[in-house]
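An overview of the molecular structure
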Amino acid sequence: MGRRSLLVATGWVATAAIATLIGLGAIRLVGESLTGTPGGVRSEAEIERALASPEPPSTGTTGAAPPGPGATSPTPSASSGARRGFATDGGTAVAECGAGGVRLVSWAPAQGYRVRDVDRGPDDDVEVTFQGAAREYELKVRCIGSEPVAVADD
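Residues numbered from 1 in each chain as written. Predicted model: local features only at pLDDT ≥ 70, side-chain atom pairs only at ≥ 80, totals over all residues. Heavy atoms only, no water.

Going by the annotation in an unreviewed UniProt entry, the name recorded for the protein is Septum formation initiator, with Micromonospora ureilytica given as the source organism.

Rendered as structure tokens:
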């Protein structure tokens, strides 16, 4: 009975090792689509070019992030006065001023946050709310002149 138990244990360990190697090989073949950043990592220069382009890089729940904390300087847009990026700990957004008022061009939550609510405009003011496990950040933007400016809640 001892020899049979040893063979069963050896077979089980060999099967587990083979299954683990096959799983690791499959993950390696799939590569970045499972373990990497979707679309790759952008440099600051690429982000600045994307923010300065007349067409938004993406609309909806994803978008380009400004290159640092706070807001980037306004840049001209084909359809309006100015476009500007804003950052909070909860996420980032890009807004622009135009004939219809201010509108959110794009927005993206930070890691660990999700977009809870969006008012993309165009309107007198727009806002996006980023919800985290312990905190919520609301970014509200309105146009002052032809420049988008973050404002405190009324």
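There's more to say after this.
1. Let's talk about the state of the cysteines
Within this structure, the stated rule accounts for 1 disulfide. Between the sulfur atoms of C97 and its disulfide partner C143 the distance amounts to 1.9 Å. The chirality of the disulfide connecting C97 with C143 is left-handed, given an S-S dihedral of about -115 degrees. Of the two residues, C97 sits in strand β3 (residues 91-98) while C143 sits in strand β7 (residues 136-144), which places them 46 residues apart along the sequence. (Disulfide = S-S within 2.5 Å. Helix = DSSP H or I, 4+ residues; strand = E, 2+ residues; numbered from the N terminus.)

2. Some details on the pattern of salt bridges
Under the criterion given, the structure shown has 5 salt bridges. The partner of E96 in a salt bridge is R103, with the nearest N and O atoms 2.9 Å apart. By relative accessible area, which is 25% here, R103 ends up partly exposed. The salt bridge partner of D125 is R142, with a shortest N-O separation of 3.0 Å. On the criterion of sequence distance, the pair formed by D125 in strand β6 (residues 125-132) and R142 in strand β7 is long-range, its members being 17 residues apart. Note on R142: relative accessible area 24%, which makes it partly exposed. (Salt bridge = Lys/Arg side-chain N within 4 Å of Asp/Glu carboxyl O. Buried < 20%, exposed > 50% of the residue type's maximum accessible area, 1.4 Å probe, protein only.)

3. Re the environment of G145
Summarising the element assignment, G145 is placed in the loop between β7 and β8 (147-151). Through-space distance from the C-alpha of G145 to that of A82 is 9.7 Å; in sequence the pair is 63 residues apart.

4. A word on the pairing of β6
Counting buried positions along β6 gives 7 out of 8 residues, so the element sits mostly inside the fold. Examined bridge by bridge, strand β5 (residues 113-119) and β6 share 6 bridges and lie antiparallel to one another. Pairing of V118 across the sheet is with V128, part of β6. Between β5 and β6, which pair antiparallel and follow one another directly, the connecting turn spans 5 residues, one of which, G121, has a positive phi of 80 degrees. Pairing between β6 and β7: 7 bridges, direction antiparallel. Counted as the bridge partner of T129 is E138 from β7. Counted along the chain from β6 to the antiparallel partner β7, the turn is 3 residues long. (Pairing = 2+ DSSP bridges.)

5. Quick word on the sheet that holds β6
In space, the 4 strands of this open sheet follow the order β5-β6-β7-β8, with antiparallel pairing throughout. Edge positions in the sheet fall to β5 and β8, since each has one partner strand and no second. In this sheet, neighbouring strand axes are inclined to one another by 25 degrees on average, regardless of whether the strands run parallel or antiparallel. (Axes fitted to C-alpha atoms, helices over the stretch in contact; angles between N-to-C directions.)

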